Every structure is written in structure tokens, then in C-alpha cells.
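Tertiary structure, described
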Amino acid sequence: MRINRNTSASALVGMWTILLSTFVLSFLYVGREILIPLALAAMITFLLSPLVARIERWIGRIAAVLLVVMMLFGIIGGSGWLLTRQLIDLAAKLPDYQSNIETKLRAIRLPTGGALGRFTHSVDELQKQLPTGAEPPPGSTEIAPETKRAPRAGPTPMPVRVVESPSRLPQFAQSLVSGVVGPLGTAGLVLLLVVFMLFKREDLRGRLIRLIGQGRIGATTRALDDAGKRVARYLSMQFLVNVSFGSCIALGLYFIGVPNAMLWGAFAALMRFIPYVGAWIAAAIPLLLAFAVSTSWVAPILVLAMFVSLELVNANFLEPWLYGASTGVSSLALIIAAIFWTWLWGPVGLLLSTPLTVCVAVMGRHVPRLQFLSVLLSEDEALAPHEEIYYRLLRLGLDDGTHLAETFVKANSLTALYDAVLIPAITLGETDALRQQLDAEQRAAFQQHVHDMVEDLGSIPATEPPPAEKSAEAPEPVAAPTCSVLTLPARAYRDELAGTMLTQLLQQQGFPAENARAALSTDELIELTKKNEWEAICISVVAPSTHTHARFICTRVRAARPHAKIVVGLWGGTENQETTERLRASGADEVVISLAQAVAQLANFCVVIDDEMIPAPIPANEEERLTTLRTLAFLNTMPEEKFDRMTDKVARIFDVPIALITIIDRDQQLIKAGAGLPEDIAKRRTIPRAESICGHIIASDQALTVEDIARDRRFANNAMLRDRGLRFYAGVPLRVNEHAIGSLCILDIKPRRLSDREQRLLEIMADDVVEEIKRRADGTPVAAAAA
């Protein structure tokens, strides 16, 4: 039953739309005699209103309107007088150009050879053979000239004289008067309407707001302001462009030698108000005059080249720069509108097509029911970025969608792409799936495309957009320290996709972060939060998942991890105080609606550690260890090629900037070999033992890994490490005779984790270093070492 009701309602809406459109078109056509003067008057009022508004500040409205109208009459009258004088002068000179015209016409001959020449010759021969007398009347028998007999004598026929009917003269006078008085009457009516519109423009504005707005005064006011500004700006800029165009034409024609150059410059400026065809109509007469006046073909060619070049410059450079964007209407829509209004109102419709189309587009932008007009006419993108990428991924594939995403990232940022494009696109796809407009296969393919795109974008080095183009919510680079973050999906794979984006952004900022899979059950997710002692947990929610799903997960996580920070990300949502309070009651510390906010909030959770550095304790076997070290004759910092090659190899294998072989003496840490050492340390090659991380390896006689130095209370305030931006350390002891004499260690400027395989590999390479130390010791006398 509901389906029938919806079908009937849709049919009624369609019928109403058709009837309304038919009524509007009929009204515009039938009422054109009234509507055309109103439209012309409104256009001129838009053009003159800024000037009247400025002048009336000093002399009042009445005087300002009268002054502007008098100036308008003066300009029209002066232009008419000037053009009349120019036309009279041209008429006087026309007989002088007859010889030039005849010469050029004789020079234009059709080719004598070929099919066209033979056809022309045949036509000429046939014309010569045809009789020159009048064609016999119908039904008569034509007799060849040579067989005609002499006419018989008879009475001479009386000549027939056609006398014009007396009634034709008043009819001719009436048509002449109507042809002249009609346009003059329309012009007078337009000028009268302009005067009254300028006087009563606020009153007319108020009545329009009340008539059209229907209570929505704010929206209607914005629409009228927008339309007025766009039309006035367009007309003003068009006036300046056309006057400049006419001036250039007049100057060019003067130097070319075309008579009455000022007349044709003014004619060109006037005709160019007619879109698309006006400039070429204006070019026709100067081109013919150049053809008539000049004794060669140079002048006509120069005139044609001047019009073509000026029109190309105006159409491709000046007009887009001065008022191309002010109309807010696409170029294709302007062309179609010009055809429509010309068909409806004739030449005047072509003149008014752009202002009328601008007003219609503005109405579509501000009136919800007329939004389809804005979609059809506006120069704005037809699809929003998230709709465009959704369409491309769904229909065109990954490559086309990735190209669009990379273009967006270059102009904005990766965070803006995720927040403003990909997450809304995921929501759009899920909504279509719920409406059964997207089958399971299409949905899975779309989600896979998004996943692959995120992975590809994550492999590209992050670049900062230009300052002027940075998104307002783009996160600032996070300084140390950071915190470890686990992202949990609230319900479905869509939540996992958003969590992948957040994890990627956090890792780029130096956060240890991990994203849980949506395939895990709730109990498995809770168990995952208990591992690794995550400092912050972010629950990812993408519509149609709701805050209800997030509250359930949040309650379980808070019970399992009472001291962890919990952030709920309602990606693409809006600020809602009630929802935020409910989530906080379920255990959430913060509620955010964008990835940028999430990164900033997680950075705020990272508390700066103020504890002093804790020196490594002295091991109980310190004396035995030092004795073993001295027997090796290894207590020197002289570089040796074998050990340098080893540290270089370690640095390459683990992809770290620094790798060291260190020796821990009683009070100093000696650097035996190092790759990537800072310049000051490379010179002195010693560090106080109290500031050494390797000293902790000696104290515990075990491997040591510090995933983030800035988050470790033992080393966060180590000046040597902090000042150089070192964030990661991993080292294993170098044992000789069961005593740790030093370490093989690696350091990085960003936090990272060392896998079990990498840990074993580092230990194996440490064994190689120890073997080299023993081999060196076996070949070096102890006495020499003591010396």
C-alpha cells in the first residue's frame, strides 16, 4: 500500500512540475511585451544603482537620480548626434569609392579550368541562346522566331496603366509610424521605469522580499543581495570591456585608413553587448568599407585580423579575469541560456540572456525547491569531492580514484582528504547498501578500493601543503612525547577503514599505533586492549554505525582498562551535547568528530616527563669486568676499519641513522666505532657514563630496547639524546669471559618497535663483534696493551 501511495505522490509531483513549467514558459512568451521593458529597465537599474547610491550621499536621492538620468540622456544624445554626423559624412563619400569596388570585383574571377569553370561557361552559352522577349503566357503555343509571321494589321492596343489605390497611402504611413514609434515608445517606457525603479529601489526590494520570501526574510535578502551584486558587477565589467574594445577598434580603423573610424568604434562597443554575435556584426561594415576604400587587399585583411585578435583576447583573458567568476554560471549554461532566451524573446532575449540566467542561478542557490537550477546552471562542481571519488571508485576503478585523491592531497592535506572525502564517501556507500542500491559485491569492491588507496597514500612521504592552503583542522606536527594508541572498530568494516586512516596519521606523527580488525569479536577486542599496556584507546564510528555501538564498546573497555584514556571518534558527525554526555557517562574521556581533532587530542594526553635522568647502577662484578676489559687492550677510541664496516652494515640492515660499538669504562663510555655520529660526539668519541643508555645494559647484563626515549622516565630528560631528537634505542651486550664490556646499539630519530626477528639479528651481529674483539686480542700482546 505504501508503494502505491509513493508512486501516486511521485506521479502528482511530476505532473505538477510539468504544468508549472508549461505555465511559466507560456507566461514568458505571451507576456513578453510587458516583461521585456521590465527586464531592460531592471538591467539598467542594476547598472546605475551603485552610481546613484554614491552620489546621493552628498546631494540626496532625488537630485542624484535626476543627475544620473540627465547624464544618461546627455550621453545618448551626444552619441546620437555624433553618429548622425558620421553617417552623413559617410553617405557623402560613398560615390568616391565606386571605382575601387568595381576594380576589386573585376579582380575576383572564377577559375576558368575545372568543373566549376566548365559549368559557368555552359550557363553563359545557354543564356545567349535563350530568347530575350517576354515569356509567353500559360497555355499559349510558342513559335520559333524564324517561323513567326508578320503581325496582321489591326487596331493598336491601348496601353494599360496601373493606378495605385488611394487607400494604400494611409496604410503605408501607418506602418511607417508604427515601425518608428514602437521602438521609441518602448525606449521611453524603459527610461520611465528606470527612473521610478531608482527612486523606489528599497521599496521594490522590500515588496519582493515579502512576495517571494514567504517569511524567510534572511534567505531572500541574501538571494537578492547576491543576485544584485553579481548582475551589477557583470554589467559594470562588461561596460568597461566593451568600451575598451570599441576604443581599440576606432583607433585601429583610424590608422588602417577606414573612414569614420569613431562611428564604427562606437558601433562595435554597442553591438558587443549582444553576446557571441555582436562583435562579428559590428565587424561586417568596417570590413566592407575597407574593401571599398583600399586599392589593395591589405586593409581588409588588417581589419579582419584586428577584430579576430581583440575578440580572442577578450574572450580568453579579459572576460574570465574581470567577470568570468562573478556570474557564477558555467560557460555551457550561458550558451544554452542565450539560445533559450533568443528563441523566447528574440534579439532582446539574447541581450538579456546573461543577467536573467544569473538571477535564475542565484534563486536555485538560495531556494531549496529550486536547487536543481543551481545544479544545471552553476559553475560549481556538479559533485562534491566525496561524491566524485565515490562515483569514480564505484564505476571507474582504483586508478581514477587514486588520481583524484592525490590531486586533492596536493591542494590540501592527507588529513583533509580522509576527513572531508574518504570518510563521507564510505558513509555514502553504506547508505546506498542499506537502501539496496548497492549489492554486496559492489560494496566489497568499493571498500577494498578505499583500503588499497589508504595504503598507497600511506606509502607516499608526507608533505606539508602551502600555508595559505592548509586545512583549518589539519593537525600540527606533534612534538615529543607521544603515547601508544589502539584503535577499535565500533561495529563493522567501515569503522576499521576509518581506524586505518587514524592509525596511519598517528604513525606519521610518531605515535606507536595499531588498528584492530572488525572481524574480531567484542571479547577478543577487549583482550587486545589488555596487551601491551596501551595508553590510549580510540573507538572508531562511521555512520551508519551509531554512538550506541560506541557506548557498548566504551563500557567494556573502561571496565577492562580503568586507567587508559578513551577517545570516541564519531567521524563525519556533528557536535551534539547530549551524545557527548552519554558517551562520557559510558567511560569516554573525549569525543571528537574528525581525525584531525583525534590526533590533536591524543597529543594532549601525552604528559611531559619532568623526572631527572636516572643513571645506570654499578654492577656487582664491576672490578672483574674492568679487569677483563683491560686484558683485551681495547680501551682506546682509535677508529679501526673492521669495526667501522660493522657499524655501517648494522645501520644499513636496520635502516637507522646511527649504529655504535661502545665500551663502558669506569667513568666514561668510549665509542670504538660509529655510523652517523653527530659531529661533536664524533670528535671527542666519549660520553660520561652517567648519561649513557649503554650503562644500563652493563648494569643488567641484558639487551635493552627503548621504543620511545621521550616516554621513558629513565631517559626522557637525557640532554644529549633530547637535544639531538633521538627517540629510539636498542642495544645488546658485548660479553667476553661472561662479562659485559660494552654494547652494539642502534638509535633512531623516531619511535619504533623491534621485532623478535630483528632482536635476534642484532644479537647475532653482536656475537660477530665479540669474535672480532677476541681475534684482535689474541694477536696483541698484553704487555703492549699495558704500555
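What comes next concerns the included structure. (Residues numbered from 1 in each chain as written. Predicted model: local features only at pLDDT ≥ 70, side-chain atom pairs only at ≥ 80, totals over all residues. Heavy atoms only, no water.)

Turning our eyes to something else, we now look at the overall build of the protein. For the protein, the helix and strand inventory stands at 30 helices and 11 strands. Scored against the burial criterion, the 787 residues of the protein give a buried share of 40%. The contacts of the protein with a sequence gap of at least 6 include a subset with a gap of at least 24, amounting to 70%. (Helix = DSSP H or I, 4+ residues; strand = E, 2+ residues; numbered from the N terminus. Buried < 20%, exposed > 50% of the residue type's maximum accessible area, 1.4 Å probe, protein only. Contact = heavy atoms within 4.5 Å.)

Take the pattern of salt bridges next. One pass over the structure, following the stated rule, counts 20 salt bridges. The salt bridge partner of R558 is D589, with a shortest N-O separation of 2.9 Å. Linking R558 in helix α21 (residues 547–560) with D589 in the loop between α22 (577–585) and β5 (590–592), this pair joins segments that are 31 residues apart in sequence. Through salt bridges with shared partners, a single network forms among E430, R443 and R494. (Salt bridge = Lys/Arg side-chain N within 4 Å of Asp/Glu carboxyl O.)

Packed helix pairs are specified by the crossing angle of their axes together with the interaxial distance, meaning the distance between the axes. Viewed as axis vectors pointing N to C, helix α9 (residues 261–271) and helix α10 (residues 278–293) meet at an angle of 160°, and their least axial separation amounts to 7 Å. When the axes of α9 and α10 are compared, the pair comes out roughly antiparallel. For α9 against α10, the interelement crossing comes out right-handed. The segment α9 lies against α10, with W264, F267, A268 and M271 engaging G278, A279, I281, A282, I285, P286 and L289. Across the contact of α9 with α10, the residue classes tally to 10 nonpolar, one polar and no charged. (Axes fitted to C-alpha atoms, helices over the stretch in contact; angles between N-to-C directions. Parallel < 35°, antiparallel > 145°, perpendicular 65-115°, else oblique. Left-handed = near helix turned anticlockwise from the far one by under 90°. Nonpolar A, V, L, I, M, F, W, Y, C, P; charged D, E, K, R; others polar.)

For the rest of this paragraph, the subject is the side chain of Q447. On the secondary structure map, Q447 appears in helix α18 (residues 440–459). If sequence neighbours within four positions are ignored, Q447 has contacts with E430, Y493 and L497.

Applying the stated criterion across every chain, the model contains seven aromatic pairs. With centroids separated by 5.5 Å and ring planes inclined at 75°, the aromatic side chains of Y254 and F255 adopt a geometry described as edge-to-face. Neither residue differs from the other here; Y254 and F255 are each classed as exposed. Ring centres of F340 and W343 lie 6.1 Å apart, and the angle between their planes is 45°; this geometry places the pair in the tilted category. One end of the pair is F340 and the other is W343, both in helix α12 (residues 331–345) and three residues apart, which spans about a single turn. (Phe/Tyr/Trp six-rings, centres within 6.5 Å; stacked < 30°, edge-to-face > 60°.)

What follows covers helix α19 (residues 493–508). Here α19 is 16 residues long and its end C-alpha atoms lie 23 Å apart, about the 22 Å a rise of 1.5 Å per residue gives. In terms of burial, α19 is a largely internal element, 13 of the 16 residues being buried. One or two positions beyond α19, positive phi appears at G510, with a value near 95°. (Expected span 1.5 Å × (residues − 1).)

A word on the sheet that holds β5. Strand order across the open sheet formed by five strands is β2-β1-β3-β4-β5, with parallel pairing between neighbours. Looking at the sheet topology across the chains shown, the edges are occupied by β2 (513–515) and β5. Between one strand axis and the next, the sheet turns by 20° as a mean value, whatever way the strands run. Looking at chain direction, strand β3 (residues 536–542) and strand β4 (residues 565–571) are connected through seven bridges and run parallel. Paired with V542 across the bridge in β4 is W571. (Pairing = 2+ DSSP bridges.)

This next bit is on the pairing of strand β11 (residues 739–748). Every other side chain in a regular strand lies on the same face of the sheet, so the side chains alternate between the two faces. Of all the 10 residues making up β11, 10 are buried; the element is thus mostly covered by neighbouring parts of the structure. Across nine bridges, strand β10 (residues 728–736) lies against β11 in antiparallel orientation. Across the sheet, F728 pairs through a bridge with D748, a residue of β11. Between β10 and β11, which pair antiparallel one after the other, the connecting turn spans two residues, and N737 there sits at a positive phi close to 55°.

Moving on: a negative patch on the surface. On the surface, a cluster of negative charge is contributed by E763, D767, D768 and E771. The topology assignment puts E771 in helix α29 (residues 756–778). Taking the relative accessible area as the measure of exposure, E771 reaches 43% and is therefore partly exposed. (Patch = residues over 30% accessible without salt bridge, like charges linked within 9 Å, V, L, I, M, F, W, Y side chains within 5 Å. Areas by Shrake-Rupley, 256 points an atom, 1.4 Å probe, with all protein chains shown as cover. Lys, Arg positive; Asp, Glu negative; His and termini not counted. Charge placed at Lys NZ, Arg CZ, Asp CG, Glu CD.)

In this section: the nonpolar core. Ranked by size, the top nonpolar core spans 44 residues in total, and within it L417, Y418, M501 and W571 carry the most contacts. Take this core: its biggest share by element is 10 residues, from helix α17 (residues 414–434). If we skip the residues at most four places from it in the chain, W571 touches I423, A498, L502, C538, S540, V541, V542, V592, I593, S594, L595 and A598. (Core = buried A, V, L, I, M, F, W, Y, C linked by side-chain atoms within 4.5 Å.)

Here we have six strands laid out as an open sheet, ordered β8-β7-β6-β11-β10-β9, and antiparallel in their pairing. Looking at strand neighbours, the two that pair on one side only are β8 (686–688) and β9 (704–706), the edges of this open sheet. Ignoring which end each strand starts from, the neighbouring axes of this sheet average 25° apart. Across six bridges, the pairing between strand β6 (residues 658–664) and β11 is antiparallel. Bridge pairing links A659 to I746 in β11. Strand contacts of helix α24 (residues 622–631): β6, β10 and β11, with the helix running at about 80° to β11, the strand carrying the most contacts. This element, α29, spans β6, β9, β10 and β11 of the sheet and lies at about 40° to β10.

What follows deals with the environment of L744. Here L744 is to be found in strand β11. Remark: the alpha-carbon pair of L744 and C694, spanning 50 residues in sequence, is separated by 8.8 Å. Setting aside residues no more than four positions away along its own chain, L744 makes contact with V650, L660, I661, A730, G731, V732, L734, L762, M765, A766 and V769.

What follows deals with unusual backbone geometry. For the bond running from A543 to P544, omega is 15°, close enough to zero to count as cis. Assignment of secondary structure puts P544 in the loop between β3 and α21. Positive phi, close to 55°, is recorded for D701, a residue that is not glycine. For D701, the position within the fold is in the loop between α27 (694–700) and β9. In this structure, N737 is a non-glycine residue whose phi angle is positive, near 55°.

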